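Overview (structure and organization)
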Amino acid sequence: METATATAKSVAHGGNDVGPDPKELAGDDDGHPVDVEAGIIHGGLAASTPSAPMTRQRLVSLDVFRGITVALMILVDDVGGVVPAISHSPWDGVTPADFVFPFFLLIVGVSLAFAYKRVPNKVLATKKAILRAVKLFLVGLMLQGGFFHSLHDLTYGVDIRKIRLMGVLQRIAIAYLAVAFCEIWLRVSRGGDIGSGCTLIRRYRYQMFVGLVLVVAYLVVFYGLYVPDWEYEVTSPNSTVKQVQVKCGVRGDTGPGCNAVAMIDRSIIGIQHLYTKPVYLKTEQCSINSPRNGPLPADAPSWCEAPFDPEGVLTSLMAIVTCLIGLQIGHVIVVYKEHEERILLWSIPSLCLLALGFSLHLFGLRMNKSLYSLSYTCVTTGTAGLFLAVIYLLVDVNGYKSLFSPMEWMGKHALMIFILVACNIAPVVIQGFYWRQPKNNLLKLV
């Protein structure tokens, strides 16, 4: 499953709800700093107020947004097999499941604007960011590297030669670290009042330049890199191994078999460390039961059974861009004090991203989650920004907190829910208790 977040304790865990006063939401420059981990997934955002410097306040709408994203993640995981329309798109196009991961990345970015609101010691902050990213990467490696086996399989363990190196939490760790570096080192020192959005752009222009460089680098490499013919091994049910060759010899191909994204992953990560159940197995070319998994058609392309990692190297550049956009939304919330200003200053760019994304899709640059295309980045990030604006209006402006309290709770415990439910740790543990035979386990009763 493709979603999720970060590690450790939040200083805001169990903190006070933020009232409708926007000044309380932002905190004051004289207040106490916010724990860097507070908003990544485990906690929420904390901020202090001038009138109560020891009281930490939460941006409740971000907790709610995170909780709704967790609920959507569980829904598409559990129901997607029955209703393919909400499961991940087999290749081009987007479905509800394809919005989950970008939503989490945007939330991480917003959180970092609060977490690094003040950085008195840049070197120390950098060391802590690296340590947190390493922790999160290792947790992801344990959960999604193949150590835990599928449901109804009481064995565990993974051959290190074939462990999957990338995954949801690993990519979030990479994006978190890159954006944390930008926030620590690439911002102009504060001076004077922020009068307009243009002033805010000037303050954070170096971060935005990094985002632009990443987009250009992705496009140049994706469309300019030559992809030669390649081959991989397939092991049949009777344990025989055969070599399969894929004919390419192209540049800028956007299909599953000959794109630059997969070629870079095979070269850098190694094909033996990639995801072995790619989403394109559900395409009409690779499944007679499309859009569900099924037997291969007689004329299936040679690449159908090839490993492909949706959280690879090149696509991580665009994931960082999503997180950087979230960081700029966080800056708007931190810097501006009025609700109207905040909503306007992040809703207009979100609408522009949405329009740009659909325009690119219509002109041939298709939305594709597996390739993390530019149109996909724009549409999912723009949607996330607008969705957060609506939740902010309902929860933090109009005060409908009790209506969303279940989602707020899920948002505060998102990492725990991701590990236990989305990674199937709870079902795997439960099925370990059985009566006489493994098939008579507690999971079957549940």
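All values reported here derive from a predicted model rather than from experimental measurement.

Concerning the overall build of the protein
- A tally of helices and strands in the protein yields 15 helices and 7 strands.
- Looking at the 446 residues of the protein, the share that counts as buried comes to 51%.
- Across the protein, every contact between residues at least 6 apart in sequence was considered, and the portion connecting residues at least 24 apart equals 73%.
- Just so you have it, the protein exposes about 19900 Å², and 64% of that area is on carbon and sulfur atoms.

As for the pairing of strand E6 (residues 241-246)
- Inspection of the sheet shows strand E5 (residues 230-235) paired to E6 by 6 bridges, in the antiparallel sense. Residue pairing across strands places Val 234 opposite Lys 242, the latter belonging to E6.
- Counted along the chain from E5 to the antiparallel partner E6, the turn is 5 residues long, and its residue Ser 239 has a positive phi close to 70 degrees.

Topic: the state of the cysteines
- Applying the stated criterion across every chain, the model contains 2 disulfides.
- Taken in N- to C-terminal order, the disulfide-linked cysteines of the protein are connected 1-2, 3-4.

Examining a nonpolar patch on the surface
- A grouping of Val 123, Ile 130, Val 134, Leu 138, Phe 181 and Trp 185 is seen on the molecular surface, where their side chains present a nonpolar patch of about 530 Å² in accessible area.
- When residues of the nonpolar patch are traced back to their parent elements, those giving at least two are helix H4 (122-144) and helix H5 (168-185).
- With 4 residues, H4 is the single largest residue contributor to the nonpolar patch.
- Looking at the secondary structure, you find Phe 181 in helix H5.

Side note on the nonpolar core
- Ranked by size, the top nonpolar core spans 102 residues in total, and within it Phe 65, Val 110, Tyr 116, Trp 346 and Leu 388 carry the most contacts.
- If we skip the residues at most four places from it in the chain, Phe 65 touches Phe 103, Leu 106, Ile 107, Ala 384, Phe 387, Leu 388 and Ile 391.

Considerations on H5
- In this model H5 runs 26 Å from its N-terminal to its C-terminal C-alpha over 18 residues, within 8% of the 26 Å that 1.5 Å per residue would give.
- Burial within H5 is extensive, with 13 of its 18 residues counted as buried.

Brief notes about the pattern of salt bridges
- Applying the stated criterion across every chain yields a total of 8 salt bridges.
- With a closest N to O distance of 2.9 Å, Asp 63 and Arg 66 form a salt bridge. Of this pair, Asp 63 and Arg 66 both sit in helix H2 (residues 60-79), 3 residues apart, roughly one helical turn. Across the pair, Arg 66 and Asp 63 agree in class, each one buried.
- Of the charged contacts in the structure, one is a salt bridge between Glu 311 and Arg 164, with a shortest N-O distance of 2.7 Å. Placement of the pair is Glu 311 in the loop between helix H8 (260-270) and helix H9 (313-335) and Arg 164 in the loop between H4 and H5, with a sequence separation of 147 residues. In this pair, the class of Glu 311 matches that of Arg 164, namely buried.
- Residues joined in a network through salt bridges with shared partners are Arg 164, Asp 309, Glu 311 and Lys 369.

Concerning the environment of Leu 371
- Mapped onto the elements, Leu 371 comes out in the loop between helix H10 (339-362) and helix H11 (374-397).
- Relative accessible area serves as the criterion here: at 3%, Leu 371 is assigned to the buried category.
- Taking the C-alpha atoms as reference, Leu 371 lies 9.0 Å from Pro 256; in sequence the two are 115 residues apart.
- Once you skip the residues sitting within four places of it in the chain, Leu 371 turns out to touch Trp 91, Tyr 218, Phe 222, Thr 254, Asn 259, Val 261, Phe 308 and Thr 315.

Focus on the environment of Val 379
- With respect to the helices and strands, Val 379 occurs in helix H11.
- By relative accessible area, Val 379 is classed as buried at 2%.
- In this structure, the C-alpha to C-alpha distance between Val 379 and His 361, residues 18 residues apart in sequence, is 9.5 Å.
- Not counting residues up to four positions away in its chain, the partners in contact with Val 379 are Phe 99, Leu 353, Leu 354, Gly 357, Phe 358 and Met 367.

Remarks on unusual backbone geometry
- Residue Pro 291 follows Ser 290 across a cis peptide bond; omega there is 10 degrees.
- Along the chain, the position of Pro 291 falls in the loop between H8 and H9.
- Look at Tyr 372: it is not a glycine, yet its phi comes out positive at around 45 degrees.

Thoughts on the packing of aromatic side chains
- Under the defined criterion, the tally for this structure stands at 13 aromatic pairs.
- Relative to Tyr 280, the ring of Trp 91 lies with its centre 5.9 Å away and its plane at 65 degrees, an arrangement referred to as edge-to-face. Taken together, the positions of Trp 91 in the loop between H2 and helix H3 (100-115) and Tyr 280 in the loop between H8 and H9 put the pair 189 residues apart, joining distant regions of the chain.
- Since its relative accessible area comes to 1%, Tyr 280 is described here as buried.
- Each member of the aromatic cluster is reached from another via a ring pair, and the members are Phe 65, Phe 99, Phe 103 and Phe 387.
- Sitting over the face of the ring of Trp 230, Arg 266 holds its NZ or CZ atom 3.6 Å from the ring centroid.

A short note on the packing of H9 against H11
- Where H9 contacts H11, the axes come no closer than 10 Å and their chain directions differ by 25 degrees. As judged from the angle between their axes, H9 and H11 are roughly parallel. Considering how the two elements wind past one another, H9 and H11 form a crossing that is right-handed. For the pair H9 and H11, contact is made by Met 318, Val 321, Thr 322, Ile 325 and Ile 329 and by Leu 374, Thr 377, Thr 381, Gly 385 and Leu 388, respectively.
- Considering only residue class, the contact of H9 with H11 consists of 6 nonpolar, 4 polar and no charged.

What counts and how
Residues numbered from 1 in each chain as written. Predicted model: local features only at pLDDT ≥ 70, side-chain atom pairs only at ≥ 80, totals over all residues. Heavy atoms only, no water. Helix = DSSP H or I, 4+ residues; strand = E, 2+ residues; numbered from the N terminus. Buried < 20%, exposed > 50% of the residue type's maximum accessible area, 1.4 Å probe, protein only. Contact = heavy atoms within 4.5 Å. Areas by Shrake-Rupley, 256 points an atom, 1.4 Å probe, with all protein chains shown as cover. Pairing = 2+ DSSP bridges. Disulfide = S-S within 2.5 Å. Patch = residues over 30% accessible without salt bridge, like charges linked within 9 Å, V, L, I, M, F, W, Y side chains within 5 Å. Salt bridge = Lys/Arg side-chain N within 4 Å of Asp/Glu carboxyl O. Core = buried A, V, L, I, M, F, W, Y, C linked by side-chain atoms within 4.5 Å. Expected span 1.5 Å × (residues − 1). Phe/Tyr/Trp six-rings, centres within 6.5 Å; stacked < 30°, edge-to-face > 60°. Lys NZ or Arg CZ within 6 Å of the ring centre and 35° of its normal. Axes fitted to C-alpha atoms, helices over the stretch in contact; angles between N-to-C directions. Parallel < 35°, antiparallel > 145°, perpendicular 65-115°, else oblique. Left-handed = near helix turned anticlockwise from the far one by under 90°. Nonpolar A, V, L, I, M, F, W, Y, C, P; charged D, E, K, R; others polar.

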